[in-house]
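What the coordinates show
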Amino acid sequence: MQKISFIPGGPEVSVLALGTAQYGTGISEADAFRQMDMYTERGGNFLDTALVYGDWGCEERGRSEQVIGRWLASRRKRPQVIISTKGCHPPINDMADSRVNAQNIREDVQLSLKNLGCGWIDLYFLHRDDPKVPAGELLEALEEEVRKGNIRFYGCSNWSLKRVKEAAGYAAAHGLRGFICNQIMFTLADVNKEVPGEGGMLVLDREFYRYHKETQLGLMAYMCQAGGYFTKRAQGRPVSEYQERMYGSKKNERILQELLRLRQEGYRINDLVLQYVMAAEFPAVPIGGFRTFEQLQEGMEGVERRLPKEVLQELIEIKRQ
């Protein structure tokens, strides 16, 4: 599998990151192990998780990280794998309770290291933001973890453009590397921003896209497959009420019609959805979450089948309208 770097000299990561949000809850540990085996055997090396993943399905924190930790130990893969995890998420039952501060960064990093059973985290994200805390204060706390050897690089997730710029300004003024990556919702699908906004998630808009292009800030795209929205629609299968609220729009109907036309020419819809992210004008990696082994296989094939630029450009133009 092809590799890219978010910054010169940074870790080389697979063009498809393996999403692990359901490991140990919606996906059994045995199936999670098999997924990670399949992914790494094909050359994948980028596992994305978070301290909060699994908190909705069990009492102990960090179930997804723990499953990955046991897999790393049993397969002895740690040196070959790039681990991306996230901390400082609010409690699942109280999203208004911000945990984004220096103390929680220290505590969450330690808990993630324990769950993963390893001595370092390659790429650490602040899962949410608290605009009341100066960005510089948070960057200094992350830099302290870098100096300790606990994390190697760091990024942000669900931060506004204004706050990302504040952090970049502080980093430049104080000689820090700062964020090397932004995790945000970036997808071919047109998104009703109010729906993800209810959970504190942000969608990459045109202004944010321009900032990424100008600065070449790396991006990891979550929910990039829109939960299989276009594939379900193309197959005549029902979509969930949540998906209808999120993606029901005239623009998505136009995108769907173009995808159906391209499918008749031999292109697979999921390949087009994944490679829409990869076609960004800055380093961008889709995060793929897969319920079945067949979906994982298709996802890995989807990032390896390089599509003609003109095909992707047609979809890009529709999305921009």
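The structure we're discussing is the one just above.
A few points on the structure. (Residues numbered from 1 in each chain as written. Predicted model: local features only at pLDDT ≥ 70, side-chain atom pairs only at ≥ 80, totals over all residues. Heavy atoms only, no water.)

**Description of the pairing of strand β8 (residues 181-185)**
Burial analysis of β8 places five of its five residues in the buried class, the great majority of the element. Burial of β8 is two-sided: the residues C181, Q183 and M185 facing one way and the residues N182 and I184 facing the other way are all buried. The pairing of strand β7 (residues 151-157) with β8 spans two bridges and is parallel. Paired with S157 across the strands is Q183, a residue of β8. (Buried < 20%, exposed > 50% of the residue type's maximum accessible area, 1.4 Å probe, protein only. Helix = DSSP H or I, 4+ residues; strand = E, 2+ residues; numbered from the N terminus. Pairing = 2+ DSSP bridges.)

**Notes on the nonpolar core**
One broad rule of soluble globular proteins: the nonpolar side chains tend to lie buried together. Membership of the largest hydrophobic core comes to 108 residues, with the highest contact counts inside it found for M36, F46 and F230. When residues in this core are grouped by element, the largest group, seven residues, is from helix α11 (residues 269-278). Excluding its chain neighbours within four sequence positions, the residues that come into contact with F46 are F6, V13, S14, L16, A17, L18, Y39, I82, S84, L123, M220 and V285. (Core = buried A, V, L, I, M, F, W, Y, C linked by side-chain atoms within 4.5 Å. Contact = heavy atoms within 4.5 Å.)

**Here's the deal with the sheet that holds strand β3 (residues 17-19)**
The strands making up a sheet are joined through hydrogen bonds of the backbone, oriented either antiparallel or parallel. Taken in spatial order, the eight strands line up as β3-β4-β5-β6-β7-β8-β9-β10 and close into a barrel, and their pairing is parallel. With direction set aside, neighbouring strand axes in the sheet form an average angle of 25°. Two strands pair when backbone bridges link them, and β3 and strand β10 (residues 284-288) are joined in this way by two bridges, in the parallel orientation. The residue of β10 that forms the bridge with A17 is I287. (Axes fitted to C-alpha atoms, helices over the stretch in contact; angles between N-to-C directions.)

**Points about α11**
An α-helical turn contains 3.6 residues, so a residue and the one three or four places further along point in the same direction. For α11, the buried fraction is high: 10 of the 10 residues fall into the buried class. Of the surrounding elements, those touching the buried residues of α11 are β9 (218-222), α8 (229-234), α10 (250-264), β10, α12 (293-304) and α13 (309-320).

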